[in-house]
Amino acid sequence: MEIRKATLSDLDSIVANRMEFIHSIHEDEFIIPENFAQDTYEYLKQHLVDDTISAWIAIEHDVIVSIVIVCFYDLLPLISNLNGKTGYVLNVYTLPNHRRKGLATKVLTKIINESQERGVGKLYLNATEEGMPVYKKLGFRLINNEMVYQVNNT
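Residues numbered from 1 in each chain as written. Predicted model: local features only at pLDDT ≥ 70, side-chain atom pairs only at ≥ 80, totals over all residues. Heavy atoms only, no water.

### Brief notes about the packing of aromatic side chains
Considering all chains together, one arrives at two aromatic pairs under this definition. Between tyrosine 135 and phenylalanine 140, the ring centres sit 6.0 Å apart and the planes meet at 70 degrees, which makes this aromatic pair edge-to-face. The exposure classification of tyrosine 135 matches that of phenylalanine 140, with both residues buried. (Phe/Tyr/Trp six-rings, centres within 6.5 Å; stacked < 30°, edge-to-face > 60°. Buried < 20%, exposed > 50% of the residue type's maximum accessible area, 1.4 Å probe, protein only.)

Right under this line is the structure:
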């Protein structure tokens, strides 16, 4: 098992893994738009190059078995995050037959360490029930006052 930071050569595998992740989380709730995989590929390609995202992967026999992606961005300084550097963690996913082996913890720890090195003040994520114990163990706290407004669907 190899755990490493993803590179551009991993893009096809990351997109395939993300599509599996989305299907596993949302099942039949909605239809995935036709261009979603290609749009994801292009986004990842651009932002891996400009270093505004990072992905850490666990690979076994050339297959991504666990992954985490973080998008880095800047906010207006906050009392709780003076430099405004923020990360949003996405796509924490481990293939079903590789779960309960600590892989999600290992790749998340890599993201946390990288975020600390970058001076990021806060990491956010949207937790599933299954992932909640892993996140809590690593120090994430549940917040309940965040809201979202859907501006458009594009």
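### Re the sheet that holds strand β4 (residues 85–94)
Overall, mixed pairing links the five strands, which are arranged β1-β2-β3-β4-β5 in an open sheet. Both edges of this open sheet fall to β1 (2–5) and β5 (122–125), since each of them pairs with a single strand only. Across the sheet, the axes of successive neighbouring strands diverge by a mean angle of 20 degrees, strand direction being ignored. Alignment of β1 against strand β2 (residues 53–60), held across four bridges, turns out to be antiparallel. Residue arginine 4 lies in a different strand from β2, and its bridge partner there is isoleucine 57. Of the strands in this sheet, β3 (63–74) and β4 are in contact with helix α1 (residues 11–26), which crosses β4 at around 80 degrees. (Pairing = 2+ DSSP bridges. Helix = DSSP H or I, 4+ residues; strand = E, 2+ residues; numbered from the N terminus. Axes fitted to C-alpha atoms, helices over the stretch in contact; angles between N-to-C directions. Contact = heavy atoms within 4.5 Å.)

### Comments concerning the nonpolar core
Residues Ile14, Leu44, Ile67, Val68, Val89 and Val92 are the most contacted members of the largest nonpolar core, which totals 37 residues. Elements that contribute at least two residues to this core include exactly α1, α2 (36–49), β2, β3, β4 and α3 (103–117). Among the elements that make up this core, the one with the highest residue count is β3 (eight residues). Those residues in contact with valine 89, other than ones at most four positions away along the chain, are Val68, Ile69, Val70, Leu108, Ile111, Leu123, Tyr124 and Leu125. (Core = buried A, V, L, I, M, F, W, Y, C linked by side-chain atoms within 4.5 Å.)

### Examining α3
The end-to-end C-alpha distance of α3 is 21 Å, a good match for the 21 Å that 15 residues give at a rise of 1.5 Å each. Here α3 has its buried residues at Leu103, Ala104, Thr105, Val107, Leu108, Ile111, Ile112, Glu114 and Ser115. Taken together, the buried residues of α3 touch β1, β2, β3, β4, β5 and α4 (132–138). (Expected span 1.5 Å × (residues − 1).)

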